Amino acid sequence: MNLLNEKSINTGSYYCTWCTQDLILKRKDFKKIRVNSTRDALGEEFLFGELGVLNMIDEDIRGDLIVVIDDGWDVSYGLNPDHCDNNNYDINCFGSLELSEERFPSFKGSPKERLKKLSDKVKSLGYAGLGLWISPQVPHKKGIGDDAIISKDYWIKRLKWCDYAGIKHWKIDWGINENNDEYRKMMYDNARIYAPNLKLEQAVTNCPFDVLKEERDGKWYQNRIKRLSNMQSFSDYMRIYDATMPFFFTTQVNRTIELFMAARKYNNYTDCIPNVEDFLYAAATLGLTFGAMRMSKIELDPRYEQKPFFVKPDTELKRTIRWQRIAPPFSIKESSFEINEEIYRDSYFFPNLKEEEKTWPFDIWGTMKMQDSYAAMSRNMELPIVKSDSEKPFVFSSINPKTNAFSILTTPRSLGGNVIYTFLADVEAKAKSSEYPIGIFGHYKSLTISFDNNIEGKKVYAQDLATDDAIDITKDVIINKNKITFSGSLIDKIGLTVSEVETELPGMIVKIM
């Protein structure tokens, strides 16, 4: 018996090429991962060649994924833009939306024809469509600041190209106008007219570290929260932006909750759906979109030298997609939410590496960094009760307003030198009727779920979301009237029926019948 729906759906989530560009570089002699080398990895061979990354993703989940080609697709090789160097004019080259003929020599024709051919190629591999990384600026030859006047006609022309080419998604990122919300809104408003099927993703660009609790009453942070709220009004999706790997969970939990806090503070509940980048299980649990940036097939291949802090397994991507077919993303305004505003503080010491081994951000090495995050969030349900004899994990949960599916996640934290530090807790949560699917993600000491109805005498089936076969676990759980309790060991056993790495988090579906 298979508990899963195998039909692909359009969720707005995507696979992003950026981090994989770190793993396969255009030139073999690159030993240091620098932004320009990462950018220069992107091209036709990288995507479609014999070892092309788009050939590596499982075919059975491609139909759920847009492919977003990231920074580098519309510029020449060798650029190294520097926002802080007024004599560095490389930044002025971005924003053309003209597919680089040097990088993609097989895609010929006018700019819109080249985009259409690339879009058609991506779809021919079974993907939902093509998305583009966008710099919010007009390329120019003069000094920085030449693009101060809003260039409406320029963007209307490119929106028409993308509409013709069937482009699905714009990932609007850094550029000369990255902090100009009027400019970003102009792009959004014109997209609604000239490319109505195109979705725009915005982001408040910032460094990978967030301010600590004691700084959150300050002007800079409060302006950030106001801007997060304002930008949601002209965004189909809002991305939480870059975090460092050692604080993969801490920073991204915090930024996810920030988006909802910003909406609440300014009473601005919109159709926008947060995008949590590669924090896949958060997307699965809270009904959000994601931009997957992983390729464990490469990271686990001994031929490649990249040594990440921890490998993010492709099986988690498969679990997330298959769960979202049951519990699809929903906008900020489509549910109530509750936040546990208790602050958890995590820390990590960045070792003092050799200069050639350091990666961005380059000034952190040899220092101890701290990150704060809110403790928990739920959507369309009460906050779960979390009990632990020591520190507690972060906890996300929701009841999907479209399908009534219940989801819950506990995540690791970062303490001292441990990037993944798992705290096991006894968690109690309230769902609706037991007839709806249950998605369980992360590690637990125990998990107890209560329902509106009595479940005594019913059968319980569970299945790793990365597999196709459910098993009867009725004898392995404790049922008491309207409550069911799973041991943490059972969740680990079922939710990691297949796994790639030791740090992988379980993910499973449960049906009570």
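First, a word on what this report is: a plain description of the structure on this page. Computed from a predicted model, the values in this text were never measured in an experiment.

### What about the overall build of the protein chain?
So, point 1. Of the regular secondary structure elements, the protein chain holds 13 helices and 23 strands.
So, point 2. The C-alpha atoms of the protein chain give a radius of gyration of 23 Å, which matches the 24 Å a tight globule of 513 residues would have.
So, point 3. Expressed along its principal axes, the backbone C-alpha trace of the protein chain runs to roughly 70 × 50 × 50 Å.
So, point 4. Taking all 513 residues of the protein chain together, 59% fall into the buried category.
So, point 5. For the protein chain, the proportion of contacts with a sequence separation of at least 24, taken over those separated by at least 6, is 73%.
So, point 6. Surface summary for the protein chain: the accessible area is close to 20700 Å², and the carbon and sulfur share equals 48%.
So, point 7. When the 68 basic and 74 acidic side-chain charges of the protein chain are each reduced to a single mean position, those positions are 3 Å apart.

### A short note on the nonpolar core
So, point 1. By size, the foremost hydrophobic cluster in this structure holds 117 residues, and its most contacted members are Leu54, Trp73, Leu132, Trp155 and Trp170.
So, point 2. If you tally residues by element for this core, the top one is helix H9 (residues 248–265), at nine residues.
So, point 3. Ignoring sequence-local partners within four residues, the contact set of leucine 132 consists of Val68, Ile69, Trp73, Leu115, Cys162, Ile167, His169, Trp170 and Lys171.
So, point 4. Core analysis: the second largest hydrophobic core is formed by 30 residues, Ile399, Ile438, Phe486 and Ile494 among them.

### Observations regarding the pairing of strand S5 (residues 199–203)
So, point 1. With four of its five residues buried, S5 lies for the most part within the structure.
So, point 2. Bridging between strand S4 (residues 169–172) and S5 involves three bridges; their strand directions are parallel. Bridging across to S5, lysine 171 finds its partner in glutamate 201.
So, point 3. Crossover S4 to S5 through helix H7 (residues 181–194) is right-handed.
So, point 4. Two elements, S5 and strand S6 (residues 237–239), share three bridges in a ladder whose sense is parallel. Bridge pairing in S6 links alanine 203 to arginine 239.
So, point 5. Chirality of the crossover, the property in question, places the unit of S5, helix H8 (residues 219–231) and S6 among those that are right-handed.

### Quick word on the sheet that holds strand S22 (residues 483–487)
So, point 1. Reading across from one edge, S11-S16-S18-S22-S21 is the order of the five strands in this open sheet, with mixed pairing throughout. With one partner strand each, in any of the chains shown, strand S11 (385–387) and strand S21 (478–480) form the two edges of the open sheet. Going from strand to strand, the sheet's axes swing by 15° on average, the running direction of each strand aside.
So, point 2. On top of the sheet, helix H13 (residues 488–495) reaches strand S18 (446–450) and S22; it is set at about 75° to S22, its chief contact.

### Here's the deal with the pattern of salt bridges
So, point 1. Per the counting criterion, the structure on display carries 35 salt bridges.
So, point 2. For glutamate 258, the salt bridge is made with arginine 224, and the minimal N-O distance between the two is 2.9 Å. Of this pair, glutamate 258 sits in helix H9 while arginine 224 sits in helix H8, and the two are 34 residues apart along the sequence. Taken individually, glutamate 258 and arginine 224 each receive the classification buried, so the pair is uniform in this respect.
So, point 3. Here arginine 319 and glutamate 504 are joined by a salt bridge, their closest N and O atoms 2.7 Å apart. Of this pair, arginine 319 sits in helix H12 (residues 314–324) while glutamate 504 sits in the loop between H13 and strand S23 (507–512); the two residues are 185 residues apart in sequence, bridging distant segments of the chain. Glutamate 504 carries the same exposure label as arginine 319, and that label is buried.
So, point 4. Here the salt bridges share partners, and the residues they tie into one network are Glu6, Asp64, Arg322, Arg325 and Asp468.

### A short note on the side chain of threonine 410
So, point 1. Here threonine 410 lies in strand S13 (residues 406–411).
So, point 2. Accessibility expressed as a relative area gives 3% for threonine 410, which makes it buried.
So, point 3. For threonine 410, the side chain forms a polar contact with the main-chain oxygen of histidine 443, separated by 2.6 Å.
So, point 4. Among residues more than four places away in sequence, those in contact with threonine 410 are Pro393, Phe394, Val395, Val427, Phe441, Gly442, His443, Tyr444 and Leu505.

### Observations regarding H9
Helical geometry note: an α-helix holds 3.6 residues per turn, so side chains three or four residues apart project in the same direction.
So, point 1. When the terminal C-alpha atoms of H9 are compared, their 26 Å separation across 18 residues agrees well with the 26 Å that a helix rising 1.5 Å per residue should span.
So, point 2. Of all 18 residues that make up H9, 16 are buried, and the element is covered over most of its length.
So, point 3. Immediately downstream of H9, the backbone of asparagine 267 shows phi near 50°, a positive value.

### Some details on the packing of aromatic side chains
So, point 1. The tally for this structure, following the rule as stated, stands at 22 aromatic pairs.
So, point 2. Geometrically, the ring pair formed by phenylalanine 48 and phenylalanine 107 is tilted, given 6.0 Å between the ring centres and 40° between the ring planes. Taken together, the residues phenylalanine 48 in helix H3 (residues 44–48) and phenylalanine 107 in the loop between strand S2 (66–69) and helix H5 (111–124) connect sequence positions 59 residues apart.
So, point 3. According to the relative accessible area criterion, phenylalanine 48 is buried, its value standing at 15%.
So, point 4. You can call phenylalanine 107 buried: its relative accessible area is 9%.
So, point 5. Each ring, one from phenylalanine 249 and one from phenylalanine 279, has its centre 5.9 Å from the other, and the planes form 75°; the classification is edge-to-face. Highlighted residues: phenylalanine 249 in helix H9 and phenylalanine 279 in the loop between strand S7 (273–275) and helix H10 (280–286), separated in sequence by 30 residues.

What counts as what
Residues numbered from 1 in each chain as written. Predicted model: local features only at pLDDT ≥ 70, side-chain atom pairs only at ≥ 80, totals over all residues. Heavy atoms only, no water. Helix = DSSP H or I, 4+ residues; strand = E, 2+ residues; numbered from the N terminus. Rg over C-alpha atoms; globule rule 2.2 N^0.38 Å. Buried < 20%, exposed > 50% of the residue type's maximum accessible area, 1.4 Å probe, protein only. Contact = heavy atoms within 4.5 Å. Areas by Shrake-Rupley, 256 points an atom, 1.4 Å probe, with all protein chains shown as cover. Lys, Arg positive; Asp, Glu negative; His and termini not counted. Charge placed at Lys NZ, Arg CZ, Asp CG, Glu CD. Core = buried A, V, L, I, M, F, W, Y, C linked by side-chain atoms within 4.5 Å. Pairing = 2+ DSSP bridges. Right-handed = clockwise from strand over helix to strand, strands pointing away. Axes fitted to C-alpha atoms, helices over the stretch in contact; angles between N-to-C directions. Salt bridge = Lys/Arg side-chain N within 4 Å of Asp/Glu carboxyl O. Polar contact = N/O pair within 3.5 Å; in protein donor to acceptor, adjacent residues only side chain to side chain. Expected span 1.5 Å × (residues − 1). Phe/Tyr/Trp six-rings, centres within 6.5 Å; stacked < 30°, edge-to-face > 60°.

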